[in-house]
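As a plain string of letters, each chain reads:
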Amino acid sequence: MILRDCDSEFLDRLAAILPQGALLPPAPRYLEEPRGRWQGRAGAVALPRSVDEVAAILRTCNSAGVGVVPYGGGTGLVGGQISAEGPVPLILSLERMQAIRASYPSENVLVVEAGAVLADVQRAAAGAGRLFPLSLASEGSARIGGLLATNAGGVNVLRYGNARDLVLGLEVVLADGRIWNGLKRLRKDNTGYDLRHLMIGSEGTLGVITAASLRLVPRPAREGAALMVIESPEAALRLLALAQARLGDAIQAFELISGAGLAFLAETMPQIRQPFSQAPDWMVLIDLGLPKAMAPEDALEALFAEAFEAGLVQDGVIAASLAQRTEFWALRESIPEANRRIGAISSHDISLPLSEIAAFITRAGQALAQISDYRINCFGHLGDGNLHYNIFPLPGRSRADHAQERDAIKTYVHDLVQEFGGSVSAEHGIGRLKTGDLIRYGDPVKLAAMRAIKQALDPRGILNPGAVLADGEMQRE
Ligand SMILES: Cc1cc2nc3c(=O)[nH]c(=O)nc-3n(C[C@H](O)[C@H](O)[C@H](O)COP(=O)(O)OP(=O)(O)OC[C@H]3O[C@@H](n4cnc5c(N)ncnc54)[C@H](O)[C@@H]3O)c2cc1C
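About the cut-offs
Residues numbered from 1 in each chain as written. Predicted model: local features only at pLDDT ≥ 70, side-chain atom pairs only at ≥ 80, totals over all residues. Heavy atoms only, no water. Near = heavy atom within 4 Å. Polar contact = N/O pair within 3.5 Å; in protein donor to acceptor, adjacent residues only side chain to side chain. Areas by Shrake-Rupley, 256 points an atom, 1.4 Å probe, with all protein chains shown as cover. Helix = DSSP H or I, 4+ residues; strand = E, 2+ residues; numbered from the N terminus. Nonpolar A, V, L, I, M, F, W, Y, C, P; charged D, E, K, R; others polar. Domains from an automatic or database assignment. Expected span 1.5 Å × (residues − 1). Buried < 20%, exposed > 50% of the residue type's maximum accessible area, 1.4 Å probe, protein only. Arc of directions from axis to C-beta. Contact = heavy atoms within 4.5 Å. Axes fitted to C-alpha atoms, helices over the stretch in contact; angles between N-to-C directions. Parallel < 35°, antiparallel > 145°, perpendicular 65-115°, else oblique. Salt bridge = Lys/Arg side-chain N within 4 Å of Asp/Glu carboxyl O. Pairing = 2+ DSSP bridges. Core = buried A, V, L, I, M, F, W, Y, C linked by side-chain atoms within 4.5 Å. 1 Å grid on protein atoms, 1.4 Å probe; cavity = no way out; pocket = protein on both sides within 12 Å on 5 of 7 lines; lining within 4 Å. Points joined across faces, edges and corners; volume = space filled by probe spheres on them.

Colleague: What's the story with the site of the ligand in this structure? I'm lost.
Modeller: By nearness alone, 34 residues border the ligand, and Pro70, Thr75, Gly76, Ser138 and Thr150 come closest of all. One of the backbone N or O atoms of Gly153 is found 2.9 Å from an oxygen atom in the ligand. Glu203 places a polar main-chain atom, nitrogen or oxygen, 3.2 Å from an oxygen atom of the ligand. Protein coverage of the free-state accessible area of the ligand, which is 990 Å², stands at 92%. A per-element tally of the shell around the ligand places helix H4 (residues 144–149) first, with four residues. Classifying every residue of the shell around the ligand by side-chain character gives 13 nonpolar, 18 polar and three charged. Formed jointly, the shell around the ligand draws a minimum of three residues from each of two domains, domain 1 (8–95 + 453–472) and domain 2 (100–218).

Put into C-alpha cells, the structure is as follows:
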C-alpha cells in the first residue's frame, strides 16, 4: 500500500473544494486517546457538514493516495482513531454532522447523522416517547458513527443486543467518494449481501458512516436495580439462570463486580459510597425494566429470597429509588476510571461461552500466580459472557516494575481465551492494538475473505491505514 503524506500541497488542493473553516490544524484532543497509549499525527482535521462534503473529501484523498482516519468522539480503546505510524493522514471528524434527520415514533425508528453524540440520541428517543437502548460509560462523548464502526456493546446487550442489532439502515461514503444510500427503515430486507453489517464493526476501514436509521424500543414503565453478594462467578452464573427463568428479558443488565474493583474504588475514589460495610469478594448488579403492572422492588425481592434459599446469594441491597439505582450504576461505571488511576499492567476485553467463565477465571488466576503476584480486577458484562480481565501490580509496586512480563501475560491470557473458545476482543474492536491478535487467533479463511473485501472496497488502502488488517506494510510514495 503506497500512500503520501497529508502535506501542505495536498491540503491546499483540498481546501480549494471545501467551504472556509472545513479544514483545521489538529487540536491535541484528536491526537490523544483515553488510555494515553499512542500519540497520533495528522496533517489536518476535516470537519464536513454534509454527506456531499464527506464524498468530496474522500474522492480527493483517494485520487491523491492520502490516508483518512474517520473520527467520532475519540473514546475508542484500541487506537482505531489514532494514527501513530506511516504516512501522515487526514483526520475526518463527523462532529459537525449531528442532526436528527427524522423521527418515526410509530415505526420505532430515528434517523440520525453519524456525528450525533449517543446521549443526545438517547434524549431524542426519549422525546419521541421511546428508548434507544445502547448505553455505555462513554455515552456523553461517543458518537453514532464511532459506536457503529466499533459495533459497541455496553450494559444493555443482554436485552437489546450490540450496536449492530439496533441499526436498520446506513448511509456510507466509500473510499472513492461514492455514496451508498442504504438508509432504509425496514425490519425485513433480504436483497443480497448485507452491506450494513459489513460496515458495522469495520472500524473505519471500509467506508465512512454518515447517517443511520436506528431501531428504537418502547420505554420500560418501571426500572429498578439490586446489588447481590455471591460467593463466586459460578454462583453468579447460576443466579443469572435463575433470574432469567423468573424474569425473562426484563433483565436489562447483569454486571459482575469484584472485590478488587471495590478496593480500587475505595483507594482512588473514596467519595463513592460502598454498598456493603465489608467489601465482598464478588457481587452482581442486576438491572430490570418492567411493564407497568410490576414493581421492580417486588420482583428483585422475590428473586433475592429464592436465590438466598438456594444458597446462591449471601447479602443484597435493592434500590429503593431511581436515585439509588443511579448510585449503583455510578459505582459500576467508575470502575474503569479507578482502574486507570491504579494503572493496569495488562487489560483484556474478552468474551467466553457462559459455561466456561468460571473455569477460565480459576485457570487464569492460578497460572498468573506462577509468573508473579498481581491484583486481578475481573469485572464486566457477565450476562453477555464479556469480561474485562485486568491485571495490576500489588500496592507499593508500579506497572513499570512489571513491564518485562506484560507480553507474556497478554499472550497467556489470550491463548487461554482461545483454548476456551472465546474472543480476544469482545466489544472494543481490533483497532491498532490487536492487529497481531487478529492474525494469531483469526481463522485463516475469514482473514483471506476480509483482505479480499478490503481490496474490493478500498483498493488504494486510504481508509484508516494500519487499523484492523495491518499486514500490508504501509509505504510512503
Ligand atoms: C469510559 C469508557 C467506557 C467505555 N465503555 C465501553 C463499553 O461498555 N462498551 C463498548 O463497546 N465500548 C466502550 N468504550 C469504548 C468506546 O466508547 C467505543 O468503542 C465507542 O464505540 C467509540 O465511539 P467514538 O465515537 O468515540 O469513536 P472513535 O473513538 O472516534 O473511533 C472509533 C473507531 O471508529 C472509527 N470511526 C469513527 N467514526 C466513524 C464513522 N463515522 N465512520 C466510520 N468509522 C468511524 C474510527 O476510525 C475508529 O476506528 C468505552 C470507552 C470509554 C472511554
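Text resumes after the structure shown.
Colleague: Whenever I open this one, helix H9 (residues 296–309) confuses me. Can you help?
Modeller: An α-helical segment advances 3.6 residues per turn. Residues three or four places apart therefore align on the same side. Relative to the 20 Å expected for 14 residues at 1.5 Å per residue, H9 spans 20 Å between its end C-alpha atoms, a close match to the ideal helical length. When we look at burial in H9, the residues that qualify are Pro296, Ala299, Leu300, Leu303 and Ala307. End-on, the buried residues of H9 take up no more than an arc of 95 degrees, which puts them together on one face. Exposed side chains of H9 directed beyond 90 degrees from the buried face belong to Asp298, Glu301 and Glu309. Its buried side turned inward, H9 meets strand E13 (222–230), helix H7 (233–247), strand E15 (282–290) and strand E16 (313–318). Note on H9: the residue one or two positions beyond its end, Gly311, has a positive phi of about 75 degrees.

Colleague: When you look at the packing of helix H8 (residues 259–268) against helix H10 (residues 322–342) in this model, what are you seeing that I'm missing?
Modeller: Any two packed helices are characterised by the angle at which their axes cross and by the distance between the axes. Look at H8 against H10: their axes get within 9 Å of each other, and the N-to-C directions meet at 70 degrees. For the element pair H8 / H10, the angle class is roughly perpendicular. Judged by residue contacts, Leu262, Phe264, Leu265, Glu267 and Thr268 of H8 engage Leu331, Ser334, Ile335, Ala338, Asn339, Arg341 and Ile342 from H10. Class assignment of the residues belonging to the contact of H8 with H10 gives a composition of seven nonpolar, three polar and two charged.

Colleague: How should I be thinking about the pattern of salt bridges in this particular structure?
Modeller: Once their charged atoms are close, side chains differing in charge can pair, the charge on each being opposite to the other. Summed over the entire model, instances satisfying the criterion amount to 23 salt bridges. Arg178 is the salt-bridge partner of Asp176, the closest N and O atoms lying 2.9 Å from each other. Among the residues examined, Asp176 registers a relative accessible area of 29% and is labelled partly exposed. Taking the shortest distance from any N to any O, the salt bridge between Asp415 and Arg440 comes out at 3.0 Å. Of this pair, Asp415 sits in helix H12 (residues 406–419) while Arg440 is found in helix H13 (residues 435–441), placing the two residues 25 residues apart along the sequence. Within this structure, Arg4, Asp7, Glu9 and Arg13 form a network of salt bridges that share partners.

Colleague: Is there a simple way to think about the pairing of E13 in this case?
Modeller: Taken residue by residue, a regular strand's side chains alternate between the two faces of the sheet. The element E13 is extensively covered by neighbouring structure, given that seven of its nine residues are classed as buried. Across nine bridges, E13 lies against E15 in antiparallel orientation. The partner of Val229 across the bridge, within E15, is Met283. When E13 meets E16, the two strands line up antiparallel, connected through five bridges.

Colleague: Explain the nonpolar core to me, please; I cannot follow it from the model alone.
Modeller: Generally speaking, soluble globular proteins have nonpolar side chains that are buried together. By size, the foremost hydrophobic cluster in this structure holds 59 residues, and its most contacted members are Leu58, Leu90, Leu92, Phe132, Ile144 and Leu170. A per-element tally of this core places helix H2 (residues 51–64) first, with seven residues. When residues of this core are assigned to domains, at least three map to each of domain 1 (8–95 + 453–472) and domain 2 (100–218). Beyond its immediate stretch of four places on either side in the chain, Ile144 contacts Val112, Glu113, Ala114, Ala116, Leu118, Val121, Phe132, Ala212 and Leu214. Counting 47 residues, the second-largest nonpolar core is a separate cluster that includes Leu240, Phe254, Ala307 and Val424.

Colleague: I would appreciate a short explanation of the layout of surface pockets in the present structure.
Modeller: One simple way to see leftover space: roll a probe sized like a water molecule over the atoms. Estimates place the volume of the second largest pocket at around 840 Å³. Taken together, 40 residues make up the lining of the second largest pocket; nearest its centre are Gly201, Glu203, Ile430, Leu438 and Lys446. Elements with a minimum of two residues in the lining of the second largest pocket: helix H6 (195–199), H13 and helix H14 (444–457). Considering each element in turn, the lining of the second largest pocket owes the most residues, four residues, to H14. A breakdown of the residues in the lining of the second largest pocket according to their chemical character gives 14 nonpolar, 18 polar and eight charged.

Colleague: Hey, could you run me through the sheet that holds strand E11 (residues 208–215) in this one?
Modeller: The pairing of strands in a sheet comes from backbone hydrogen bonds and takes either a parallel or an antiparallel form. Taken together, the five strands give an open sheet; going across it, the order is E6-E7-E11-E9-E10, and neighbouring strands pair in antiparallel fashion. Each having just a single partner strand, strand E6 (100–104) and strand E10 (179–182) make up the two edges of the open sheet. Averaged over all pairs of adjacent strands, the angle between their axes in this sheet comes to 10 degrees, without regard to strand direction. Here four bridges tie E6 to strand E7 (residues 109–113), and the two strands are oriented antiparallel to one another. Bridging from a neighbouring strand, Ser103 pairs with Leu110 of E7. Packed on one face of the sheet, H2 meets strand E9 (167–173), E10 and E11 and runs near 50 degrees to E9. Each of E6, E7 and E11 is contacted by helix H3 (residues 118–127), which is oriented at about 145 degrees to E7, the strand it contacts most.

Such coordinate-based values are descriptive only and should not be taken to indicate function.
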